[in-house]
Amino acid sequence: MKIAIIGVGNLGLSIAKGILNSNGTTSLYLTKRNLEEIREYDTHEIVTLTTDNREAVKNSDILILAVQPSQLEELLNNFKDLLTEDHVIISTITGYSIENMEEILGSNHNIIRSMPNTAISVGQSMTCICSNKKGEAKLELAKSIFNQMGHSMVIPENQMQAATVICASGIAFWMRLIRATTQGAIQLGFDAKEAQELAMHTCSGAANLLIESSSHPEEEIDKVTTPKGCTIQGLNEMEHQGLSSSLIQGIVASYNKISRIKENQL
Ligand SMILES: NC(=O)C1=CN([C@@H]2O[C@H](COP(=O)(O)OP(=O)(O)OC[C@H]3O[C@@H](n4cnc5c(N)ncnc54)[C@H](O)[C@@H]3O)[C@@H](O)[C@H]2O)C=CC1
Ligand SMILES: O=C(O)[C@@H]1CCC=N1
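How each quantity is defined
Residues numbered from 1 in each chain as written. Chains lettered and ligands numbered in written order. Predicted model: local features only at pLDDT ≥ 70, side-chain atom pairs only at ≥ 80, totals over all residues. Heavy atoms only, no water. Axes fitted to C-alpha atoms, helices over the stretch in contact; angles between N-to-C directions. Helix = DSSP H or I, 4+ residues; strand = E, 2+ residues; numbered from the N terminus. Parallel < 35°, antiparallel > 145°, perpendicular 65-115°, else oblique. Left-handed = near helix turned anticlockwise from the far one by under 90°. Contact = heavy atoms within 4.5 Å. Nonpolar A, V, L, I, M, F, W, Y, C, P; charged D, E, K, R; others polar. Domains from an automatic or database assignment. Buried area = accessible area lost by both parts, 1.4 Å probe. Salt bridge = Lys/Arg side-chain N within 4 Å of Asp/Glu carboxyl O. Polar contact = N/O pair within 3.5 Å; in protein donor to acceptor, adjacent residues only side chain to side chain. Core = buried A, V, L, I, M, F, W, Y, C linked by side-chain atoms within 4.5 Å. Buried < 20%, exposed > 50% of the residue type's maximum accessible area, 1.4 Å probe, protein only. UniProt positions renumbered as here; feature names shortened; annotations may be inferred. Near = heavy atom within 4 Å. Patch = residues over 30% accessible without salt bridge, like charges linked within 9 Å, V, L, I, M, F, W, Y side chains within 5 Å. Areas by Shrake-Rupley, 256 points an atom, 1.4 Å probe, with all protein chains shown as cover. Lys, Arg positive; Asp, Glu negative; His and termini not counted. Charge placed at Lys NZ, Arg CZ, Asp CG, Glu CD. Pairing = 2+ DSSP bridges.

Colleague: Describe the packing of helix α6 (residues 160–187) against helix α7 (residues 192–213), with residues and values.
Modeller: Following both chains from N to C, one finds α6 and α7 inclined at 135°, their axes separated by 8 Å at the closest point. Of the possible angle classes, the one that applies to α6 and α7 is oblique. As for how α6 packs across α7, the hand of that crossing is right-handed. Side by side, α6 and α7 meet where Ile 178, Thr 181, Thr 182, Ala 185 and Ile 186 of the first sit next to Ala 192, Ala 195, Gln 196, Ala 199, Met 200 and Cys 203 of the second. Its residues assigned to classes, the contact of α6 with α7 comprises 8 nonpolar, 3 polar and no charged.

Colleague: Give a detailed account of the domain arrangement of the protein chain, specifying residues and quantitative values.
Modeller: Domain boundaries in the protein chain define domain 1 (2–155) and domain 2 (164–260). Centre-to-centre, using C-alpha coordinates, domain 1 lies 32 Å away from domain 2. Between domain 1 and domain 2 the total buried area reaches about 450 Å² when both faces are included, carbon and sulfur atoms providing 78% of it. It is Thr 94, Met 115 and Asn 117 in domain 1 that bury the most area against domain 2; as a group they hold 63% of the surface buried on that side. Counting every contact that joins domain 1 to domain 2 gives 0 salt bridges. Our enumeration of links across domain 1 and domain 2 arrives at 1 residue pair in polar contact (both at pLDDT 80 or more).

Colleague: If you had to explain the nonpolar core to someone new, which residues and values would you point to?
Modeller: Formed by 29 residues in total, the largest nonpolar core has its most connected members in Leu 63, Leu 65, Leu 72, Leu 76 and Phe 79. Sorting the residues of this core by element identifies β1 (2–6), α2 (53–58), β4 (62–65), α3 (69–79), α4 (98–105), β6 (110–115), β7 (125–131) and α6 as the ones contributing at least two each. Residue contacts for Leu 72: discarding those within four places in its chain leaves Leu 65, Val 67, Ile 93, Tyr 96 and Met 101.

Colleague: Go over the UniProt feature "domain: Pyrroline-5-carboxylate reductase catalytic N-terminal" (unreviewed entry) in the protein chain, please, and point to the residues and values.
Modeller: The positions that UniProt labels "domain: Pyrroline-5-carboxylate reductase catalytic N-terminal" (unreviewed entry) are, in the present scheme, residues 2–93. From the first C-alpha to the last, residues 2–93 spans 21 Å; its make-up is 30% helix and 24% strand.

Colleague: Can you lay out helix α1 (residues 10–20) for me, pointing to particular residues and giving the numbers?
Modeller: Within the span of α1, buried status applies to Gly 12, Ser 14, Ile 15, Ala 16, Gly 18 and Ile 19. Next to the buried residues of α1 lie β1, β2 (27–31) and β4.

Colleague: I'd like to hear about the site of ligand 1, residue by residue, with values.
Modeller: Every one of the 22 residues lining ligand 1 counts as a neighbour, but Leu 11, Lys 32, Val 67, Thr 94 and Pro 116 are closest to it. In the model, an oxygen atom of ligand 1 is placed 3.0 Å from a nitrogen or oxygen of the Asn 10 main chain. Taking Gln 68, its side chain carries an N or O atom lying 2.8 Å from an oxygen atom of ligand 1. Breaking the shell around ligand 1 down by element, the ones donating at least two residues are α1 and α3. Broken down by element, the shell around ligand 1 gets its largest block of residues, 3 residues, from α3. Partitioning the shell around ligand 1 into residue classes produces 10 nonpolar, 10 polar and 2 charged.

Colleague: Please set out a negative patch on the surface residue by residue, giving values where relevant.
Modeller: Residues Glu 218, Glu 219, Asp 222 and Glu 239 make up a contiguous surface patch of negative charge. When residues of the negative patch are assigned to their parent elements, the largest contribution, 3 residues, is made by helix α8 (residues 217–224). Position of Glu 218 relative to the elements: it lies in helix α8. Classification of Glu 218 as partly exposed rests on a relative accessible area of 42%.

Colleague: Explain the sheet that holds strand β5 (residues 88–91) to me, using residue names and the numbers behind them.
Modeller: Taken together, 8 strands build an open sheet; the order of strands is β3-β2-β1-β4-β5-β6-β7-β8 and the sheet is mixed. The sheet is open, and its two borders are formed by β3 (47–50) and β8 (150–154), each paired with just one other strand. For this sheet, the mean inter-axis angle between neighbouring strands, taken without regard to orientation, is 20°. Two strands pair when backbone bridges link them, and β6 and β7 are joined in this way by 4 bridges, in the antiparallel orientation. Counterpart to Arg 113 in the pairing with β7 is Cys 130. Running at roughly 155° to β4, α3 makes contact with β1 and β4 of the sheet. Helix α5 (residues 139–147) rests against β4, β5, β6, β7 and β8 of the sheet, and its axis sits at about 155° to β8.

Here it is in structure tokens:
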């Protein structure tokens, strides 16, 4: 696979790290206006750094677009004459619809929209993807790329904003929960470093327990809650204070915000 990441900022760099840690890519172009910040990637055998997006497009089959929404239109216009029907264009750009990309590129290209999260840099992204009509034939290819960097799911485009909240913003939500658990552990006597270690590995274990066993969270909770024990005491107190409710309300507030912002105006 010959891949180009166009616009290597925060997310683009996370994706680049994920690709470099996985197999199957024979050439990786990384483009950015100022290459200084990514100069160290020059040492990788398969990597070419360039400020020239047209060079990257000509030499790649799969184009992963990771610029800011306001930069996309100019970017597409800059290289659209070089696109062939075989190129697979994967946009990571929040809020920029397939319809609007087709208005610039036409519908005869493989256009895929993806919503990864920043855990892609460690090969653990939950990535949602959808495509235009022509791109449907390339969805398996897109899935196989993102599955090497975590887990992926094909969804209808009208669920993309909800997926942004759960998966992309979700990283921030889970970080805050890990941080709060860390603060609790410090209050119970662990030093800050130990406390974070305990919190993050317990979080990772809980998620993996569900992924590996396919069981329901409440089934696993039942296994831990000794009658009259400390777990149920803690859990019930958290719920009295509104734990589940505040999480759900936060998710809905985030979704309401993203829904108020018209696609293309994020
Ligand atoms: N899924 C997720 O977790 C997240 C997704 N996003 C989406 O990802 C996209 C990128 O976000 P960030 O990485 O945070 O932005 P960023 O601003 O860090 O990165 C954009 C990069 O594109 C480069 N760039 C701009 N115009 C260019 C051009 N014409 N040619 C080459 N490079 C160019 C900039 O120099 C910059 O390095 C956004 O559209 C955003 O909506 C953003 C944050 C989280
Ligand atoms: O916070 C935001 O609006 C963007 C979208 C997903 C992650 N960051």
